[in-house]
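Chain by chain, the residues:
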Amino acid sequence: MPQTTPKGLHRLAFGGDYNPEQWPESVWQEDVRLMQEAGVTMVSVGIFSWALLEPEQGRYDFGWLDRLLDLLHEHGIRVDLGTPTVAPPAWFYRAHPEALPVTAEGVRFSYGSRGAICHSSAAYRAAAAGITTELARRYGSHPALALWHVHNEYGVPVSACYCDGCAAHFRRWLRNAHGSVEAVNEAWGTAFWGQRYSSYEEIDPPRITPTVGNPAQQLDYRRFADATIRENFRAERDILHELAPGVPVTTNFMTALSQCDSIDYWAWGREVDLVTNDHYLITDGRRTHVNLAMAADLTRSVAGGAPWLLLEHSTSGVNWQARNPAKRPGEMARNSLAHVARGSEGAMFFQWRQSRRGAEKFHSAMVPHGGTDTRIWREVVALGADLDTLDEVRGTTTLPDVAMLWDWHSWWAQNLEWRPNEAHEARERADSFYETLYDRHLTVDFAHPEADLSGYPLVVVPALYLTTEAAGQNLREYVENGGTLVVSYFSGIVDEHDAVHPGAYPGALRDVLGLTVEEWSPLLDDQRVTVSGPDGATLTGDVWTEFVRPRGAETVWTYADGPAAGGPAVTRHRLGRGTAWYVSTRLDAASLDAIVAAACADAGVAERPALPRDVEVVRRTGDDGRRYLFALNHSTEDAVVPLDGAGVELLAGTPVDGKLAVPAGAVGVVRLDG
Ligand code: GAL
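These figures come from a predicted structure and were not determined experimentally.

A. Structural context of the UniProt feature "domain: Glycoside hydrolase family 42 N-terminal" (unreviewed entry) in the chain. Here, the residues flagged by UniProt with the feature "domain: Glycoside hydrolase family 42 N-terminal" (unreviewed entry) are residues 17-389. Its end C-alpha atoms 23 Å apart, residues 17-389 is made of 41% helix and 10% strand.

B. Expanded view of the UniProt feature "domain: Beta-galactosidase C-terminal" (unreviewed entry) in the chain. As annotated by UniProt and renumbered to match this structure, "domain: Beta-galactosidase C-terminal" (unreviewed entry) occupies residues 614-671. The distance separating the terminal C-alpha atoms of residues 614-671 is 22 Å; by composition the span is 0% helix and 67% strand.

C. Region of the structure containing the pairing of strand S20 (residues 568-575). Counting buried positions along S20 yields seven of eight residues, so the element is predominantly enclosed. With four bridges connecting them, strand S19 (residues 554-559) and S20 associate as antiparallel partners. For Thr558, the partnering residue across the bridge sits in S20 and is Pro568. Pairing of S20 with strand S21 (residues 578-583), which is carried by six bridges, proceeds in the antiparallel orientation. Pairing of Arg572 across the sheet is with Trp581, part of S21. In sequence, S20 turns back onto S21 through a hairpin of two residues, with Gly576 there showing a positive phi of about 55°.

D. View of the domain arrangement of the chain. Here the chain is described as being made up of domain 1 (13-160 + 230-393), domain 2 (402-603) and domain 3 (615-672). A C-alpha centroid distance of 31 Å is found between domain 1 and domain 3. Listed as interface residues are 17 residues of domain 1 and, on the opposing side, 16 residues of domain 3. The largest contributions to the domain 1 side of the interface with domain 3 come from Arg334, Ala341 and Glu392, which together make up 41% of the buried area. For the pair domain 1 and domain 3, the interface holds three salt bridges. Between Glu392 and Arg671 there is a salt bridge, with the nearest N and O atoms lying 2.8 Å from each other. In this assembly, domain 1 and domain 3 are joined by 10 residue pairs in polar contact (both at pLDDT 80 or more). Elements that contribute at least two residues to the side of domain 1 that touches domain 3 include exactly helix H10 (288-302), helix H11 (331-341), strand S9 (344-349) and helix H12 (375-389). Counting residues per element, the side of domain 1 that touches domain 3 draws most heavily on H11, at five residues.

E. Up close: the side chain of Thr571. In this fold, Thr571 is placed in strand S20. Note on Thr571: relative accessible area 1%, which makes it buried.

F. Structural context of H11. Most of H11 is tucked away, with 11 of its 11 residues classed as buried. By the burial criterion, the buried members of H11 are Glu331, Met332, Ala333, Arg334, Asn335, Ser336, Leu337, Ala338, His339, Val340 and Ala341. Phi turns positive one or two residues past the end of H11, at Gly343, with a value near 115°.

G. Structural view of the sheet that holds strand S7 (residues 276-278). Pairing is parallel in the open sheet, where nine strands are placed in the order S5-S4-S3-S2-S1-S9-S8-S7-S6. The strands lining the two open edges of the sheet, one partner per strand, are strand S5 (249-250) and strand S6 (252-253). For S6 and S7, the ladder comprises two bridges, and the chain directions are parallel. Paired with Asn252 across the strands is Thr276, a residue of S7.

H. Region of the structure containing the site of the ligand. Contacts to the ligand come from Phe48, Arg114, Asn152, Glu153, Asp278, Tyr280, Glu312, Trp320, Phe350, Glu360 and His363. One of the side-chain N or O atoms of Arg114 is found 2.8 Å from an oxygen atom in the ligand. Contact distances for the ligand include 2.8 Å between an oxygen atom and a side-chain N or O atom of Glu312. For the ligand, whose unbound accessible area comes to 310 Å², protein coverage reaches 95%. Class assignment for the residues of the shell around the ligand results in four nonpolar, two polar and five charged.

I. Focus on unusual backbone geometry. Across the junction of Val156 and Pro157, the peptide omega takes the value -5°, indicating a cis bond. You can see Pro157 is positioned in the loop between strand S4 (145-150) and helix H6 (164-178). Gln351 follows Phe350 through a cis peptide bond whose omega is -5°. Residue position: Gln351 is located in the loop between S9 and H12. Not every positive phi belongs to a glycine, and Asp498 is a case in point at roughly 65°. Structurally, Asp498 can be placed in the loop between strand S14 (484-488) and helix H16 (510-513). With relative accessibility at 12%, the residue Asp498 sits in the buried group. With a phi angle near 65°, Val543 is a residue other than glycine that sits in the positive phi range. As for its placement among the helices and strands, Val543 is situated in the loop between strand S17 (538-542) and strand S18 (546-550).

J. Local environment of a nonpolar patch on the surface. The grouping of Phe192, Trp193 and Trp418 at the surface amounts to a nonpolar patch, some 430 Å² of accessible area in total. Its location among the elements puts Trp418 in the loop between helix H13 (408-414) and helix H14 (426-439). Here Trp418 falls in the exposed class, since its relative accessible area comes to 59%.

Calculation notes
- Residues numbered from 1 in each chain as written.
- Predicted model: local features only at pLDDT ≥ 70, side-chain atom pairs only at ≥ 80, totals over all residues.
- Heavy atoms only, no water.
- UniProt positions renumbered as here; feature names shortened; annotations may be inferred.
- Helix = DSSP H or I, 4+ residues; strand = E, 2+ residues; numbered from the N terminus.
- Buried < 20%, exposed > 50% of the residue type's maximum accessible area, 1.4 Å probe, protein only.
- Pairing = 2+ DSSP bridges.
- Domains from an automatic or database assignment.
- Contact = heavy atoms within 4.5 Å.
- Buried area = accessible area lost by both parts, 1.4 Å probe.
- Salt bridge = Lys/Arg side-chain N within 4 Å of Asp/Glu carboxyl O.
- Polar contact = N/O pair within 3.5 Å; in protein donor to acceptor, adjacent residues only side chain to side chain.
- Near = heavy atom within 4 Å.
- Areas by Shrake-Rupley, 256 points an atom, 1.4 Å probe, with all protein chains shown as cover.
- Nonpolar A, V, L, I, M, F, W, Y, C, P; charged D, E, K, R; others polar.
- Patch = residues over 30% accessible without salt bridge, like charges linked within 9 Å, V, L, I, M, F, W, Y side chains within 5 Å.

As structure tokens, then:
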């Protein structure tokens, strides 16, 4: 069994990316002193240091890293050591320009930034294995080493390369996946538009074409690119396992950020020893703490419910969005503790000391340009103390209430061109369904469509366009065995090759939903429909409507206007011991909540206490019966959270009984008795 927690780290992780090579060594002394003052327990080092560690091919300079690791060890700080393979040195590119990735338009990127990598390049693979081997040999048994941090955020900034080397690699991948070229023709439907191939040699990556390229080819290319990147992760991981046994290996994910949609984290979660994630607030006008919660829930789910670790977030503003607001007082701690509530074994940041030079000099850090007489530093020190106090939650797990299906392959397929309505976005539906559940104070597990769902009373399915036969069968069995399902429109439409399931829509879900859809009628911009239902209530939808034919399902809500006026809009199908709801339009938040409320009632999901929607309540429990309740008040009003029993609020160390006062912006963590 590989080690799955950072070796020798017996506290919650607290610290950040530490890039001391940007500073004279005299600053390092101040760094470790300040780290101790803040209660830092682990830092990530060397992630971008290849050019310093191997200044010429085969010539290594480990002196500075030796001194650094020794210094950190002397100060009791554990090390998450990077393999710097995301930033190859200039000498490497001069020798191997073919390792620079090429866009679908045929443009080869230059070096001088980071992440310029063609993952099919044999030269890159050899060089990455070389530096990884050297690091593993030199530091594998260093007493400071707690965790290996392979590469950095695989999948960004380049998700796929389209060079000739990748073309050859793609053909090999296709052979393996499909066998004969005839099977590729069949899977891709190349009879359409005369795209038939006679041999593998004729097949290229889906480079730029005059009009829409073959969708199944594009989908396979995303799978190929993801698998190729994963091969490179595995190669490094295996070297580290062999040369440094007992030290867990991770790579930092970006699970719920739409900036990184090219990685199938279900597959990656099985490859790492410890799941770690990076999360940054996206300032798009929405409630940032909802996306944060979703990222944390998705990360925990990718980790199979096991503890995971937040490896990066920011103390305040980032510098890569169009607008980068500073965090409000208290927001950093709320963000950190929200991740901990949802399963993270600590809170780490990018980065320790704010850079003076380079692309990220305006990105916040734990030690800002302004030094220690700053709000950020004071909040960092306070957070370190809070995490120290909360150490006892380590090893407990977050309790889910309901599940949401999530599949990167479906997301990839759904984002291809020429769909019925470009205003429909798979991700928007997932966000909206999640937000509805969040606002009802339900903790969400994410699940792969073919996963065992039997433990969940309610499963929601936002726009699962690509649904395999096996997934359809899985959902049917889930309902027959007593589950409650809520499915949104544009689900169950195509198979794994983006081919429409035979027969009427929604092919893979017709049986479980007890209906067919004869035709879609997407709406124009600004067009809305009214849906009327029980007791004269109305709901509002936009973007999408359909002509639904119930075949066993009952019509609960009906289109009052719009193209499908008079027809079913929301249906319910009793099947076996369970119920399957279908929602055929894009409901607004209040309307979606009405349907989810009805489904929760069917599922026997108990109503949560009436709390404001921005008061987040999450539970962690231990195998030994320990119970913790995290209450995070993201609102501007003080709140009182009911408790089922008495206990201790750990951050203030005060006894509580039956209720917990959580002032505006504050966090309370209760260990419940018994
Ligand atoms: C992450 C990356 C870090 C840093 C950070 C800034 O995506 O891993 O190196 O760039 O973003 O927000």
